[in-house]
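For reference, the chains in residue letters:
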Amino acid sequence: MAKSSADDVELRRACESAIEDPKQKIILSLRVAKSHGILGKSSKLGRQMAKPRVLALSTLTKGQTTTAFLRVLKYSTGGVLEPAKLYKLRHLSKVEVLTNDPSGCTFTLGFDNLRSQSVAPPQWSMRNIDDRNRLLLCILTICKDVLGRLPKVVGIDVVEMALWAKENRAPVSTQNNVQDGGPVASAMIERESKVNVEKDLVSQAEEEDMEALLGTYVIGVGEAEEFSDRLKRELQALEAANVHAILESEPLINEVLYGLEAATNCVEDMDEWLGTFNVKLRHMREDIASIETRNNSLQMQSVNNKSLIEELDKLLERLRVPSEYATCLTGGSFDEDRMLQNVEACEWLTSALRGLDVPNIDPTYASMRAVKEKRAELEKLKSTFVRRASEFLRNYFASLVDFMISDKSYFSQRGQLKRPDHADLRYKCRTYARLLQHLKSLDKNCLGPLRKAYCSSLNLLLRREAREFANELRASTKASRNPTVWLEGSTGSGQNVNATDTSTVSDAYAKMLTIFIPLLVDESSFFAHFMCFEVPTLVPPGGIVNGNKAGYDDDDDLGIMDIDDNDGKNSDELAALNESLQDLLDGIQEDFYAVVDWAYKIDPLRCISMHGITERYLSGQKADAAGFVRLLLGDLESRISMQFSRFVDEACHQIERNERNVRQMGVLSYIPRFATLATRMEQYIQGQSRDLVDQAYTKFVSVMFATLEKISQTDPKYADIFLFENYAAFQNSLYDLANIVPTLAKFYHQASEAYEQACTRHISMIIYFQFERLFQFARRIEDLMFTVAPEEIPFQLGLSKMDLRKMLKSSLSGIDKSINAMYKKLQKNLTSEELLPSLWDKCKKEFLDKYESFAQLVAKIYPNETIISVAEIKEQLASS
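Residues numbered from 1 in each chain as written. Predicted model: local features only at pLDDT ≥ 70, side-chain atom pairs only at ≥ 80, totals over all residues. Heavy atoms only, no water.

1. Here we look at the overall build of the protein chain
Now for step 1: The number of helices and strands found in the protein chain is 30 helices and 10 strands.
Now for step 2: If you take every contact in the protein chain between residues at least 6 apart in sequence, the share linking residues at least 24 apart comes to 72%.
Now for step 3: Roughly 48400 Å² of accessible area belongs to the protein chain as shown, and the carbon and sulfur atoms make up 52% of that amount. (Helix = DSSP H or I, 4+ residues; strand = E, 2+ residues; numbered from the N terminus. Contact = heavy atoms within 4.5 Å. Areas by Shrake-Rupley, 256 points an atom, 1.4 Å probe, with all protein chains shown as cover.)

2. Remarks on the confidence of the model for the protein chain
Now for step 1: With 81% of its residues at a pLDDT of 70 or more, the protein chain has an overall mean of 77.
Now for step 2: Low confidence marks residues 42–47, where pLDDT is under 50. Its contacts with residues over four positions away, or in another chain, come to 10 contacts.
Now for step 3: Under a pLDDT of 50 for its full length, residues 170–200 has, in the predicted model, 51 contacts with residues more than four places off or in other chains. (pLDDT = per-residue confidence, 0-100.)

3. With respect to the pairing of strand S5 (residues 92–97)
Now for step 1: Bridge count for S5 against strand S6 (residues 106–111) is 5 bridges, and the pairing is antiparallel. Bridged to Lys94 within S6 is Gly110.
Now for step 2: In this sheet, strand S8 (residues 152–154) lies alongside S5 in parallel orientation, the contact comprising 3 bridges. Within S8, the residue paired with Val95 across the bridge is Val153. (Pairing = 2+ DSSP bridges.)

4. Quick word on the packing of aromatic side chains
For any pair of aromatic rings, the description consists of the separation of the ring centres together with the inter-plane angle of the planes.
Now for step 1: According to the stated counting rule, one finds 27 aromatic pairs in the structure shown.
Now for step 2: Centroid distance Phe392 to Tyr396: 5.7 Å. Interplanar angle 20°. Geometry classified as stacked. Remark: Tyr396 and Phe392 occur in helix H12 (residues 369–406); sequence separation between them is 4 residues, near one turn of the helix.
Now for step 3: In this structure Phe392 comes out as partly exposed when scored by relative accessible area, which is 22%.
Now for step 4: Given the relative accessible area of 13%, Tyr396 is considered buried.
Now for step 5: The structure contains a cluster of three or more aromatic residues connected by ring pairs, namely Phe392, Tyr396, Phe397, Tyr432, Tyr454, Phe526, Phe527, Phe530 and Phe533. (Phe/Tyr/Trp six-rings, centres within 6.5 Å; stacked < 30°, edge-to-face > 60°. Buried < 20%, exposed > 50% of the residue type's maximum accessible area, 1.4 Å probe, protein only.)

5. Topic: the sheet that holds S8
Now for step 1: Strand order in the open sheet formed by 8 strands is S4-S3-S2-S1-S7-S6-S5-S8, with mixed pairing between adjacent strands. Looking at the sheet topology across the chains shown, the edges are occupied by strand S4 (81–88) and S8. The sheet shows a mean angle of 35° between the axes of neighbouring strands, direction not considered.
Now for step 2: Note: strand S1 (residues 24–36) against strand S2 (residues 51–62), 10 bridges, orientation antiparallel. Looking at S2, one finds that Ala33 is bridged to Pro52.
Now for step 3: Contacts from helix H1 (residues 9–19) reach S1, S2, strand S3 (65–75) and S4, with the element oriented near 95° to S1. (Axes fitted to C-alpha atoms, helices over the stretch in contact; angles between N-to-C directions.)

6. Considerations on the packing of helix H17 (residues 571–585) against helix H20 (residues 627–656)
Now for step 1: Packing of H17 against H20 brings their axes to within 9 Å, and their N-to-C directions diverge by 55°. By the criterion of interaxial angle, the relationship of H17 to H20 is oblique. Residues Asn578, Leu581, Gln582 and Leu585 of H17 form the contact with H20, whose own contacting residues are Gly627, Phe628 and Val629.
Now for step 2: Along the lines of polarity and charge, the residues of the contact of H17 with H20 split into 4 nonpolar, 3 polar and no charged. (Parallel < 35°, antiparallel > 145°, perpendicular 65-115°, else oblique. Nonpolar A, V, L, I, M, F, W, Y, C, P; charged D, E, K, R; others polar.)

7. Describing the packing of helix H26 (residues 772–784) against helix H27 (residues 801–812)
Now for step 1: For the pair H26 and H27, interaxial distance at closest approach is 8 Å and the crossing angle is 150°. Here Arg773, Leu774 and Phe777 of H26 lie close against H27, whose contacting residues are Asp803, Leu804, Met807, Leu808, Ser810, Ser811 and Leu812.
Now for step 2: Grouping the constituent residues of the contact of H26 with H27 by class yields 6 nonpolar, 2 polar and 2 charged.

Below you can see the structure in the form of structure tokens.
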């Protein structure tokens, strides 16, 4: 026998190297041939397509847990083993030895966790039966020890395996290191060396029973084939004995056959009787079927007649007009106590008309003359009721408003401001809200005249309330007029521009908005709800409007939006609603305009605070007010802006009048007055009025600076003095405001730059006037340096060393007197004495810089000439 690959130590080491996991221990490794068959069919091509592989059994122990693996390794191109497949033995469900292989060396292993069970499992072919038995015996032993169960074994006898295990005491080589195999591997190898397979595959009791069973037979030899032949011979003898017993029972069989023949005769007689009875019964069935047919026809006719009577009764009931509803619809009263009956009659009429429309009624019924006549009668009832109800409601709205207008206690009176209260009016109107809803369902066209009548009547009431409230508001507000001439130049600098407190004016305007804007929003919302406009609800119940709780009830929570805000939905309804709101509230804006104009006449600057108040209301109304209320607030804002722009234009004209006056000297009067005006304007800013004020600042300052430039051109000799004095005054008066107002800060920096430029021009003029020859000589040298080398300049005409000495003698002899003369000239035409120290410091610095440049130029061109040093000039300037 050839040496088994199970004893190949080199093969085992190659497997361990391929696994590269020192924790896993190789229990058994064998060389096999791998082939594939067709699922459900035997294959003889497997040997032709076989591939060499190595099967290795390994274990991995972690603590008390042991995991067993079946590894498939293949040969690489270099003949080195590398892993190909890995199976866990706990998923092994079947071991099958193929019967189509005469050698018995081919088997398959079935695993229950394979992804595709439709693919035939691979077939493994061993070199000989011994290798096959070694591998399968090792697999079964590991399954029983580690997993505690055995897989299904097909195609091999377990007893045969046990007998083979006894004959082959050493199937696995134990030459490998036992101490390296771990506890599981050591125990496995120990069992295999003792070859106690029968204990693993068959229990002791089963083994004893099998020996006792085999002991009852005297086989003579231990061959299984002889035992099988003996069993076949005994089976044949047993079958022969059974046939003999059957032949001995012939008399009994004859008696049974006689009894069967008698029973057959009785059955034939019975069949004749049943045939006779069947004919009679067939005739009876035909008679009964005829009777049932006539009975069913009569029964169906009876059921149909009953159903028809019921349907006609129902139709007559639908066509009947109850006398109480007919009376109410044609001539009933519309008093409050009768409104429940009127609403019930409307509901019945609506349902009756709807019930006569297809598909609520069968199309066959709809074409009946009785149904058509009844529909015409109901239409006549509808038109009569709609006409009567519309006429009543128009008169009712007019009478309600006339009653309120005739009672003076509803309006503001002398010495008493009255807040409009429409709670009672809405309560009385709400009594007929359901009636309006039913009128809309009966005839939608009847709502147009009703809406116009309601708007016309309520418009008179709202305008009367607004006019009386505005008149009394103006009469009860005490405020002195503030001067409108803030920046006039001809009024003299001693004019008192300290304005009085006019906060009551803007408070009065705020009160007007606080009272009437929520009222108009409530009226718009109530109107939309009351007059059954199908528009979205925008104001939540009990919503907040500009910090004030909405004054309407939970049932009147409908706010209106512009058409463009609703993405085109219900556009027709929204257009009709906004048109009706125009009729409802038109004309009331004139009283708001009157309050704005009155406030402007008292104090134009109050337009700033009124603009902020209006903007706050406008921003609060963007999502919850009627469209007309937003238009009203927008018009008010435009009116206030227009009035304030008028004030700004008049103030700019006052500034521009200064340039027409005779020669101006010193600080113009509108410079300090503008600071006072700006301070007052800042006090009036509220909310979003900052932009309005900043625009006014921009226009004021632009005109002021342009006027300054124009006035300065009338006398160029003193233009710079005039400019820097006014720009300095502008900076001094607006210093505090410029720190907090960005717009004024921008103009402050602009004035600062203009001031610096004017100072520089004036100081340069004074310096050149006093030291003209000195700096003209320096300028000639600088001009020549662009074309002549520095060493050749002393030989030019007028620039010789002698000319330098003469110029220095005439210009710098008595330098202290020249500096004093420069100071007196700077002081001579200056009207703002507080500017003199800073100007003199600028003048000394400018002169020192220019002389230092001259000294450097002389040192470069005339290196051997001596002039007064810069330090000496600095001492002279410091002592002056």
